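Listed below are the residues making up each chain.
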Amino acid sequence: MDWEKIWIDHWKEIYIYVFLRVRHKQESEDITQETFINAIRSEERYIEQSVNIIALLKTIAKNLIIDRWRKKQKTQQPLSLEPELILTDIESDLEKKIVQNEQVAYALSLLNEEQKKVIVLRLLQGMSIKETAYLMGNSETFVKVTQFRAIKKVKDLMKQEFLQEGLQ
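Residues numbered from 1 in each chain as written. Predicted model: local features only at pLDDT ≥ 70, side-chain atom pairs only at ≥ 80, totals over all residues. Heavy atoms only, no water.

1. Focus: the overall build of the protein
If you tally the helices and strands in the protein, you get 8 helices and 0 strands. Overall, the protein shows an N-to-C arrangement of helices and strands of α-α-α-α-α-α-α-α. Looking at the protein residue by residue over its 168 residues, the buried ones come to 26%. Long-range pairs, those at least 24 residues apart, make up 57% of the contacts in the protein with a sequence separation of at least 6. Total accessible area computed for the protein in this model is approximately 13000 Å², and 56% of it derives from carbon and sulfur atoms. (Helix = DSSP H or I, 4+ residues; strand = E, 2+ residues; numbered from the N terminus. Buried < 20%, exposed > 50% of the residue type's maximum accessible area, 1.4 Å probe, protein only. Contact = heavy atoms within 4.5 Å. Areas by Shrake-Rupley, 256 points an atom, 1.4 Å probe, with all protein chains shown as cover.)

2. As for unusual backbone geometry
A positive phi is found at Arg-23, a non-glycine position, where the angle reads about 55°. You can see Arg-23 is positioned in the loop between α1 (3–22) and α2 (25–41).

3. Overview of the packing of aromatic side chains
Across all of its chains, the model carries 3 aromatic pairs by this definition. Between Trp-7 and Trp-11 the ring centres are 6.1 Å apart and the planes differ by 20°, which places this aromatic pair in the stacked class. You can see Trp-7 and its partner Trp-11 sitting in helix α1, 4 residues apart, about one turn around the helix. Classification of Trp-11 by relative accessible area gives partly exposed; the value is 33%. Where Tyr-15 meets Phe-19, the ring centres are 6.0 Å apart and the plane angle is 20°; that geometry is what we call stacked. Of this pair, Tyr-15 and Phe-19 are both found in helix α1, 4 residues apart, which corresponds to roughly one turn of the helix. (Phe/Tyr/Trp six-rings, centres within 6.5 Å; stacked < 30°, edge-to-face > 60°.)

4. Section: the packing of α2 against helix α4 (residues 53–75)
At their nearest, the axes of α2 and α4 sit 9 Å apart, and the two run at 125° to each other. Considering the angle they form, α2 stands oblique to α4. For the pair α2 and α4, the crossing hand works out as right-handed. Note on element contacts: α4 touches α2 through Leu-57, Ile-60, Ala-61, Leu-64, Ile-65, Arg-68 and Lys-72, opposite Glu-27, Asp-30, Ile-31, Glu-34, Thr-35, Phe-36, Asn-38 and Ala-39. (Axes fitted to C-alpha atoms, helices over the stretch in contact; angles between N-to-C directions. Parallel < 35°, antiparallel > 145°, perpendicular 65-115°, else oblique. Left-handed = near helix turned anticlockwise from the far one by under 90°.)

5. Things to note about the layout of surface pockets
Space inside the largest pocket adds up to approximately 160 Å³. What lines the largest pocket is Val-104, Ala-107, Leu-108, Leu-111, Ile-119, Leu-123, Leu-124, Ala-150, Ile-151 and Val-154. For the lining of the largest pocket, a count of residues per class yields 10 nonpolar, no polar and no charged. (1 Å grid on protein atoms, 1.4 Å probe; cavity = no way out; pocket = protein on both sides within 12 Å on 5 of 7 lines; lining within 4 Å. Points joined across faces, edges and corners; volume = space filled by probe spheres on them. Nonpolar A, V, L, I, M, F, W, Y, C, P; charged D, E, K, R; others polar.)

6. Structural notes on α1
The terminal C-alpha atoms of α1 lie 25 Å apart, and with 20 residues this falls more than 12% below the ideal 28 Å at 1.5 Å per residue. Those residues of α1 not exposed but buried are Trp-3, Ile-6, His-10, Ile-14, Tyr-15, Tyr-17, Val-18 and Val-22. Taken together, the buried residues of α1 touch α2, α3 (43–46) and α4. Immediately downstream of α1, the backbone of Arg-23 shows phi near 55°, a positive value. (Expected span 1.5 Å × (residues − 1).)

7. Concerning the pattern of salt bridges
Evaluated as defined, the whole model comprises 8 salt bridges. Among the ionic pairs, Glu-29 bridges to Lys-25, the shortest N-O distance being 2.8 Å. Separated by 4 residues within a single helix, Glu-29 and Lys-25 lie in helix α2, roughly one turn from each other. The class for Lys-25 is exposed, based on a relative accessible area of 54%. One salt bridge in this structure joins Glu-113 and Lys-116, with 3.5 Å as the shortest N-O distance. Note that Glu-113 and Lys-116 are positioned in helix α6 (residues 113–124) at a spacing of 3 residues, about one turn of the helix. (Salt bridge = Lys/Arg side-chain N within 4 Å of Asp/Glu carboxyl O.)

Have a look at this one:
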């Protein structure tokens, strides 16, 4: 078989096939290269048969992806079932949530009443623009503009505070 021609004709198709499954450029390149190497090494097994080279390459690539996935699964650390560590994780998560809630409360305190209402309804309660406009008795455009201005105001004020803290 003319492997140079096969490589030139099909490397991109195999690379895309691999990339769509692993979503990582370097790993996709490695697996694509390994696919062709494995195909060349095992050439004697299928040289006498009429084989669909694309199907063969994709099968090899799929098996390499599965092998890598299995290796990754084996190397991951198992979850610890020690009560102290579980409680530490729970406490850490709780602390993060408390800090986030404090940050949200602070950000809301920087806004006027209409802006607060829009942010709470849209971002915290997950309502659509249409639902928010209906509940507030305003237009959808009003909700969009108010949300935009509220977010910009919080960003600008927090950026100012951050810069001031850095100067002190």
